[in-house]
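Listed here are the chains, written in short residue letters.
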Amino acid sequence: MVGMSSLTLLTAGLTPQLQRAVQGHVRVSRGGPQECIPPLVDHISDPAQDFLQFVVTSLLLEGTTNFMACPVINESQKQQLESASYSSRYALGLFYEAGTWIDVPWAAQYITDNPCIRFISIDNKKRNIESPEIGPSVVVHTTVAFGSEHLDSDPAEVQQLILSHLERIVPSLPKPASVKCQKWRYSQVTKAVPNCLGQMILHTQPLLICGGDGFTHSNFDGCIDSAMSLAEAVKSHL
């Protein structure tokens, strides 16, 4: 059997989500009878990019000759995956020391009259986990228009722009202990992968399926629809 050192090679360079999905599940033999790899299902925000990264890395792993036996993804599937499109935003996190009081009467709020900010939440209050031992945090999402306009801008400059708008919207916010600005390249699905019914089977032996709201529509119902479709697809191959 391939040891943990080889398994590390397999997961090297993958996203954390893919690493968690692979660890403890992928088993292949080196010489002699090959053991079938158990089903692997991964929810990915950008199917064409993230899943192909996983496939290529898998193919490069020494000893995975069962992957080499036949192509994992055909040209038609690749075109389908690449046809999906996503909106882009920035997310900003503000983190405070324990005991900091954020004096607003709401846990979350949609902003409709600001060109930069679309959504603000007092995250610990929204999640109902307020505690004197845990510092509060604030999460900010920008508008799609702002995200598109500043997609390739310097992150430090983008952070200052968002903070300046946030200060005007919520002037009572205290100074945070730390701030994290994150580019959200694949935020919401604007055009789902066509003709997939919530998932796409890329390979049957071993079973490789990708899914997520990129195969349905970008809201919670879309995630549930894809999850149900994935479950049925896996069930039919057990």
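Refer to the structure printed above.
Basis of the calculations
Residues numbered from 1 in each chain as written. Predicted model: local features only at pLDDT ≥ 70, side-chain atom pairs only at ≥ 80, totals over all residues. Heavy atoms only, no water. Pairing = 2+ DSSP bridges. Helix = DSSP H or I, 4+ residues; strand = E, 2+ residues; numbered from the N terminus. Axes fitted to C-alpha atoms, helices over the stretch in contact; angles between N-to-C directions. Contact = heavy atoms within 4.5 Å. Buried < 20%, exposed > 50% of the residue type's maximum accessible area, 1.4 Å probe, protein only. Arc of directions from axis to C-beta. Polar contact = N/O pair within 3.5 Å; in protein donor to acceptor, adjacent residues only side chain to side chain. Salt bridge = Lys/Arg side-chain N within 4 Å of Asp/Glu carboxyl O. Core = buried A, V, L, I, M, F, W, Y, C linked by side-chain atoms within 4.5 Å. Phe/Tyr/Trp six-rings, centres within 6.5 Å; stacked < 30°, edge-to-face > 60°.

The sheet built from 5 strands is open, its strands ordered E4-E5-E6-E3-E7 with antiparallel pairing. The sheet terminates laterally at strand E4 (108-110) and strand E7 (178-184), the two strands that pair on one side only. Strand-to-strand twist in this sheet, taken as the mean axis angle between neighbours without regard to direction, amounts to 15°. Bridging between strand E5 (residues 117-122) and strand E6 (residues 137-142) involves 5 bridges; their strand directions are antiparallel. Bridge pairing in E6 links Ile117 to Thr142. Helix-sheet contacts for helix H8 (residues 155-169) involve strand E3 (89-95), E5, E6 and E7, and the interaxial angle to E3 is about 70°.

The next subject is unusual backbone geometry. With a phi angle near 60°, Asn128 is a residue other than glycine that sits in the positive phi range. Residue Asn128 is classed as exposed on the basis of its relative accessible area, which comes to 68%. At Leu197, a residue that is not glycine, the phi angle is positive and equals roughly 55°. Looking at the secondary structure, you find Leu197 in the loop between strand E8 (189-191) and strand E9 (199-204).

Within helix H5 (residues 75-82), the full set of buried residues consists of Gln77, Gln80 and Leu81. Taken around the axis of H5, the buried residues stretch over an arc of 95°, which confines them to a single face.

Now for the environment of Ser229. Considering the arrangement of structural elements, one finds Ser229 in helix H9 (residues 220-237). Its relative accessible area of 14% is what places Ser229 among the buried residues. Ser229 sits 30 residues away from Gln199 along the chain, and the two C-alpha atoms are 6.4 Å apart. Aside from chain neighbours lying at most four places away, what touches Ser229 is Leu197, Gly198 and Gln199. Here Leu197 takes part through its backbone oxygen, which lies 2.6 Å from a polar atom of the side chain of Ser229.

This part takes up the pattern of salt bridges. According to the stated counting rule, one finds 3 salt bridges in the structure shown. Of the charged contacts in the structure, one is a salt bridge between Asp123 and Lys126, with a shortest N-O distance of 3.9 Å. You can see Asp123 and its partner Lys126 sitting in helix H6 (residues 123-126), 3 residues apart, about one turn around the helix. On the accessibility criterion, Lys126 (41% relative accessible area) is partly exposed. Linked by salt bridges that have partners in common, Asp123, Lys126 and Arg127 make up one network.

Moving on: the nonpolar core. In this structure, Leu94, Ile117, Ile120, Val138, Val140, Ile162 and Leu166 are the most contacted members of the largest nonpolar core, which totals 22 residues. Looking at this core, the elements that each hand over two or more residues are E3, E5, E6 and H8. When residues of this core are assigned to their parent elements, the largest contribution, 4 residues, is made by H8. Setting aside chain neighbours within four positions, we find Val138 in contact with Leu92, Gly93, Leu94, Tyr96, Ile102, Ile120, Ser121, Ile122 and Leu173.

Attention now goes to the packing of aromatic side chains. Going through the model one piece at a time under the given rule, you end up with 3 aromatic pairs. Taking the centre distance of 6.4 Å and the plane angle of 75° together, the rings of Tyr90 and Phe146 count as edge-to-face. With Tyr90 in strand E3 and Phe146 in helix H7 (residues 144-149), the pair connects residues that are 56 residues apart, well separated along the chain. Residue Tyr90 is classed as buried on the basis of its relative accessible area of 1%. Overall, the relative accessible area of 5% leaves Phe146 in the buried class. Ring geometry for Tyr110 versus Phe119: centroids 5.1 Å apart, planes at 55°, classification tilted.

Our next topic: the side chain of Ser187. Checked against the element boundaries, Ser187 lands in the loop between E7 and E8. Given the relative accessible area of 12%, Ser187 is considered buried. Of note is the side chain of Ser187, whose polar atom sits 3.1 Å from the side chain of Arg89. Ignoring anything within four residues of it in the chain, the contact list for Ser187 reads Tyr86, Ser87, Ser88 and Arg89.

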